[in-house]
Amino acid sequence: MKTMVLGGLCAVLLSAVSTLAQAETIRIANHGQAGIDAMKSTVERIEKKYGVTVEVIEYPAPDKDYLTKLLTELGAGNAPDLFSIPTTAAVADMVEAGYLAPVTKEFKAWDGYAKLYDVAKELAVSPDGETYVMPFMLGIQEIYYRKDVLEKAGISTEQPKTWRELLDRAAEIKQKTGAYGLLFPAGVSWGSGAFDEGFQHLLVGSKTPQLVDADGKLALNGEGIKDVFNVYKELIDKDLMPTQPLLGPEPWVVPKYQMFPAGKLVATTCGSWCYIFDWGRESKNPIPDVTKVVGTWTVPGQSSGQYVLANLAAPWAVNSKSANTELAIKALMEIGSIETQVSYAARIGNIPASKDAADNAEFQKLTELVPIHAAAGNGVFLKQASGFGTVSEGVARATEALLRKETDAAGAQKILVDYVKETLGDDMVK
């Protein structure tokens, strides 16, 4: 009888332990309904595979507000176990602050590692040589232009080979059609996009193609940086790009979603998502036959070269203060699956970082993205360093001054340099 009672107590105890294990919770921060929907099947897979509950915490949707909330929570020690990072420029700063758990060993042992594009692996490596993020999606950015508008006006659709050719094409567009010829995102309201979707496109083909020196300092006094600001100045001074909308809230709405579909803006930087969400089948103001009438140019270099810019698109990371870092890292590897990559591609329009996504039947249905996925192997990128988030903010401030015609290119560069020095210290800038 005693044996039976003890056996029964053991069974109850084991059941309780099992229930506690099953009740373990992983908290995930996400933002925007599209991102939450894209993660739904992955959340279910993590719960089933590891016997945990995944609590999805919805943070504010705009990237800038989301990042502010996330950094506040990380600083207070209240952040979730896993979270996405909306801009690559923030990764190095978060590593420097000790917010991210290193995942190098697990990432390289992950069965999907060998299938990633090299540019995704390289982008994931931080300045200290460690990997802290899952680089599951790529943002592939180029210049998108209205082929139909150019052909009707008798303007060449050939790939511009230099900055001068690009600027001359923009001037010809304005002269012959009255439409704005080219948009590079700029200004404080555009936030990190002034850097991510604008400035860096030109920087990689300038005389200062990288911002980080071998010693890790930020090379912000290079001639190429002033030359890039001069491109903005010419576009603004000659009225070749719309400036007034960029000075208000949500500055992308008018030029990207209204002027470009109407043919009043003829060329703009954009990413793979634009064919679907900005002007395609998921747009509120779609362009008919968008893939036929909207073409792409690579971004020309200052004097030569063609550049397809690759960024990590909202990479995921593990909170270094997670209550169960080991389990959170296992969940992070699930986020890297082909299934998750394709789900994000369908709902957000970024490009899967895995070459094997090309063999996925669901991805093949995304006909707008398939050719861009194939081009990802040629992507170029800026090396990251601590302080990139501050550089991004400095570029937004500098281009804001250009938009308001308060300074010239040299003055814009000084705004950038002074802001970074004031924020990070003189010794961070070379």
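See the structure printed just above.
Below: a short report on this structure.

What counts, and at which threshold
Residues numbered from 1 in each chain as written. Predicted model: local features only at pLDDT ≥ 70, side-chain atom pairs only at ≥ 80, totals over all residues. Heavy atoms only, no water. Helix = DSSP H or I, 4+ residues; strand = E, 2+ residues; numbered from the N terminus. Rg over C-alpha atoms; globule rule 2.2 N^0.38 Å. Buried < 20%, exposed > 50% of the residue type's maximum accessible area, 1.4 Å probe, protein only. Lys, Arg positive; Asp, Glu negative; His and termini not counted. Charge placed at Lys NZ, Arg CZ, Asp CG, Glu CD. Pairing = 2+ DSSP bridges. Contact = heavy atoms within 4.5 Å. Core = buried A, V, L, I, M, F, W, Y, C linked by side-chain atoms within 4.5 Å. Phe/Tyr/Trp six-rings, centres within 6.5 Å; stacked < 30°, edge-to-face > 60°. Lys NZ or Arg CZ within 6 Å of the ring centre and 35° of its normal. Expected span 1.5 Å × (residues − 1). Arc of directions from axis to C-beta. Disulfide = S-S within 2.5 Å. Axes fitted to C-alpha atoms, helices over the stretch in contact; angles between N-to-C directions. Parallel < 35°, antiparallel > 145°, perpendicular 65-115°, else oblique.

1. Let's talk about the overall build of the protein
Per the secondary structure count, the protein includes 19 helices and twelve strands. Computed over its C-alpha atoms, the radius of gyration of the protein comes to 24 Å, within 12% of the 22 Å expected for a compact globule of 430 residues. Across its three principal axes, the protein shows a C-alpha extent of roughly 100 × 50 × 35 Å. Burial analysis of the protein (430 residues in total) assigns 54% to the buried set. For the protein, the distance from the average position of its 42 positive side-chain charges to the average position of its 53 negative side-chain charges is 2 Å.

2. Notes on the pairing of strand β5 (residues 137–146)
In terms of burial, β5 is largely enclosed, as ten of its ten residues are buried. Summarising the sheet, β5 and strand β10 (residues 309–312) pair through four bridges and their orientation is antiparallel. From the neighbouring strand, Gly 139 faces β10, where its bridge partner is Asn 311. Where β5 and strand β6 (residues 267–271) come together, five bridges link them in antiparallel fashion. By the bridge assignment, Gln 141 is partnered in β6 with Gly 271.

3. So, helix α12 (residues 253–262)
Listed in full, the buried residues belonging to α12 are Pro 255, Lys 256, Met 259, Phe 260 and Pro 261. Against the buried residues of α12 lie β5, α10 (193–203), β6 and β7 (294–297). In the stretch just after α12, Gly 263 is the one whose phi turns positive, near 80°.

4. Regarding the nonpolar core
By size, the foremost hydrophobic cluster in this structure holds 135 residues, and its most contacted members are Leu 82, Phe 83, Leu 138 and Leu 220. Beyond its immediate chain neighbours, meaning those up to four positions away, Leu 138 contacts Tyr 117, Val 119, Ala 120, Leu 123, Asn 311, Leu 312, Ala 313, Asn 350, Ile 351, Ala 353 and Ala 376.

5. Things to note about the packing of aromatic side chains
Within a pair of aromatic rings, the relevant descriptors are the distance that separates the centres and the angle that separates the planes. What the rule picks out here adds up to 13 aromatic pairs. On the basis of an interplanar angle of 20° and a centroid distance of 6.1 Å, the ring pair of Phe 107 and Trp 110 is categorised as stacked. Judged by relative accessible area, which is 2%, Phe 107 ranks as buried. Between Trp 190 and Trp 252 the ring centres are 5.9 Å apart and the planes differ by 65°, which places this aromatic pair in the edge-to-face class. With Trp 190 in the loop between α9 (163–177) and α10 and Trp 252 in the loop between α11 (223–237) and α12, the pair connects residues that are 62 residues apart, well separated along the chain. In textbook terms, an aromatic cluster arises when at least three aromatic residues are bridged by ring pairs, as seen for Tyr 144, Phe 260, Tyr 275 and Trp 279. Positioned above the aromatic ring of Tyr 59, the side-chain terminus of Lys 69 is 5.7 Å from the ring centre. Positioned above the aromatic ring of Tyr 113 is the side chain of Lys 121, whose terminal nitrogen or guanidinium carbon lies 4.5 Å from the ring centre.

6. Digging into the side chain of Gln 413
Structurally, the position occupied by Gln 413 is in helix α19 (residues 409–424). Using a relative accessible area of 9% as the deciding quantity, one classes Gln 413 as buried. Residues within four places of Gln 413 in sequence aside, it is in contact with Leu 220, Asn 221, Gly 222, Ile 225, Lys 226 and Phe 229.

7. Some details on helix α4 (residues 63–76)
For α4, built from 14 residues, the straight-helix expectation of 20 Å at 1.5 Å per residue is met to within 8% by its first-to-last C-alpha distance of 20 Å. Listing the buried residues of α4 in full gives Tyr 66, Leu 67, Leu 70, Glu 73 and Leu 74. For α4, the angular spread of the buried residues around the axis is 130°, confining them to a single face. Residues of α4 that are buried in the fold lie against β1 (25–30), β3 (82–84) and α5 (91–96).

8. What about the state of the cysteines?
Overall, the coordinates contain one disulfide when judged by the stated rule. Through a disulfide, Cys 270 is tied to Cys 274; the S-S separation comes to 1.5 Å. Torsion about the S-S bond of the Cys 270 and Cys 274 cystine: about -55°, corresponding to left-handed handedness. The same class applies to Cys 270 as to Cys 274, namely buried.

9. Here we look at the sheet that holds strand β2 (residues 53–58)
In space, the five strands of this open sheet follow the order β2-β1-β3-β11-β4, with mixed pairing throughout. Looking at which strands have only one partner, the edges of the open sheet turn out to be β2 and β4 (133–134). Both β1 and β2 contribute to a ladder of six bridges, which runs parallel. Its bridge partner being in β2, Ile 26 is matched across the sheet by Val 54. Contacts between α4 and the sheet are confined to β1 and β3, with β3 contributing the most and set at about 150° to the helix.

10. Considering the packing of α9 against α11
Contact geometry of α9 with α11 gives a least axis separation of 11 Å together with a crossing angle of 10°. Of the possible angle classes, the one that applies to α9 and α11 is roughly parallel. Contacts between α9 and α11 involve Trp 163, Arg 164, Leu 167 and Ala 170 on the former and, on the latter, Asp 227, Val 228, Val 231, Glu 234 and Leu 235.

11. Re unusual backbone geometry
Glycine aside, residues mostly have negative phi, and peptide bonds are mostly found in the trans state. Even without being glycine, Ala 314 reaches a positive phi, approximately 45°. Along the chain, the position of Ala 314 falls in the loop between β10 and β11 (316–318). One non-glycine residue, Lys 405, lies in positive phi territory at about 55°. The topology assignment puts Lys 405 in the loop between α18 (388–403) and α19. Given the relative accessible area of 56%, Lys 405 is considered exposed.

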